[in-house]
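A look at the structure
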Amino acid sequence: MEHIAAFLLVVSCSQDLSGCREIPAPAPLYEAYDACQAGLPKVLAAFRSSSNRTFARCLEVDPALEDDYDQLSWNVLPNGTLEASLTVSSVVVASDAATGKPAYLH
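What counts, and at which threshold
- Residues numbered from 1 in each chain as written.
- Predicted model: local features only at pLDDT ≥ 70, side-chain atom pairs only at ≥ 80, totals over all residues.
- Heavy atoms only, no water.
- Disulfide = S-S within 2.5 Å.
- Helix = DSSP H or I, 4+ residues; strand = E, 2+ residues; numbered from the N terminus.

1. Quick word on the state of the cysteines
- Scanning the entire structure with this criterion turns up two disulfides.
- In this model cysteine 13 forms its disulfide with cysteine 20; the gap between the sulfur atoms is 2.1 Å. What sets the handedness of the cysteine 13 and cysteine 20 disulfide is the S-S torsion sign, and at about 110° it is right-handed.
- The disulfide partner of cysteine 36 is cysteine 58, and the gap between their sulfur atoms is 2.1 Å. Sign of the S-S torsion, about -95° for the bond between cysteine 36 and cysteine 58, identifies this disulfide as left-handed. Of the two residues, cysteine 36 sits in helix H1 (residues 33-47) while cysteine 58 sits in strand S4 (residues 52-60), which places them 22 residues apart along the sequence.

Encoded structure:
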């Protein structure tokens with residue numbers, strides 16, 4: 001299995017930054033953070049538009065946790081900076097000791 005080292009986030013906003021949304025990146029996963037960084041200019045050029053402002057950011061991924069990341073948080077600041085993070089939530093799942101299957105409350 002190949003390990004993921006970076007995730008590419010692309011966000012498109014209105015000119016005044018009042019409305020922003022994630023847009024699908026052409027290649028969202030990279031084996032090397034540097035490869036992701038090197039691709040940023042091409043990605044930004046591909047999404048350049050006169051009606052929208054596009055932001056992109058590479059987020060480092062810890063290969064040991066790549067399957068555990070479950071929260072992507074991002075915000076575009078008024079100065080046009082894209083802040084973003086990938087995190088692992090602290091959700092705990094209970095299981096039945098006898099079967100090892102998830103325990104459900106009824």
